[in-house]
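Coordinate analysis (summary)
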Amino acid sequence: MLASKNSKPLLNYGQMTEEQKDFLFRHPWFLKLFPREDKLKILALYTKEEQMMMITRYDLELKYGRFKKKNK
């Protein structure tokens, strides 16, 4: 997950471990759990191409996946 027993919490996004950075790249919908300003700081750690990929996957997950809003 984002933090294990031996890793630092994501308080300073510039010091994320490679494992944490890779996790968020592969599972960008977890960015939903962060405030907007923190999402922007985290995304700044990735290349423009990676950012576009993550944002696209994030949007698709919100629209069709586990974070999809349920109509009542």
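Residues numbered from 1 in each chain as written. Predicted model: local features only at pLDDT ≥ 70, side-chain atom pairs only at ≥ 80, totals over all residues. Heavy atoms only, no water.

1. A word on the overall build of the protein chain
Counting its secondary structure elements, the protein chain contains 3 helices and 0 strands. Looking at the protein chain as a whole, 28% of its 72 residues qualify as buried. Restricting to contacts in the protein chain with at least 6 residues of sequence separation, those with at least 24 account for 48%. Split by element, the accessible area of the protein chain, about 5,700 Å² in all, is 56% carbon and sulfur. (Helix = DSSP H or I, 4+ residues; strand = E, 2+ residues; numbered from the N terminus. Buried < 20%, exposed > 50% of the residue type's maximum accessible area, 1.4 Å probe, protein only. Contact = heavy atoms within 4.5 Å. Areas by Shrake-Rupley, 256 points an atom, 1.4 Å probe, with all protein chains shown as cover.)

2. Quick look at helix 2 (residues 36–43)
For helix 2, every residue scored as buried is listed here: D38, I42 and L43. Along the axis of helix 2, the buried residues cluster in a sector spanning 135°; they form a single face. Exposed side of helix 2, more than 90 degrees from the buried face: R36 and E37 are the residues found there. The inward-facing, buried residues of helix 2 abut helix 1 (18–26) and helix 3 (48–64). (Arc of directions from axis to C-beta.)

3. Describing the nonpolar core
One recurring pattern in soluble globular proteins: nonpolar side chains tend to sit buried together. M16, F23, L24, W29, F30, L31, F34, I42, L43, Y46, M54 and Y58 together form the largest nonpolar core, which totals 12 residues. Put simply, the parts of the chain that give this core at least two residues each are helix 1, helix 2 and helix 3. With residues near it in sequence (within four places) discarded, Y46 still touches M16, K21, L24, F25, Q51 and M54. (Core = buried A, V, L, I, M, F, W, Y, C linked by side-chain atoms within 4.5 Å.)

4. Re the packing of aromatic side chains
Applying the stated rule across the entire model yields 2 aromatic pairs. For the ring pair F25 and Y46, a centre distance of 6.3 Å and an interplane angle of 25° mean the geometry is stacked. Residue F25 is found in helix 1, and its partner Y46 is found in the loop between helix 2 and helix 3; the two are separated by 21 residues along the sequence. Directly above the aromatic system of Y46 lies the positively charged group of K21, at a separation of 5.1 Å from the ring centroid. (Phe/Tyr/Trp six-rings, centres within 6.5 Å; stacked < 30°, edge-to-face > 60°. Lys NZ or Arg CZ within 6 Å of the ring centre and 35° of its normal.)

5. Re the side chain of Q51
Along the chain, the position of Q51 falls in helix 3. Among the residues examined, Q51 registers a relative accessible area of 14% and is labelled buried. What Q51 contacts, discounting residues up to four positions off in sequence, is L43, A44 and Y46.

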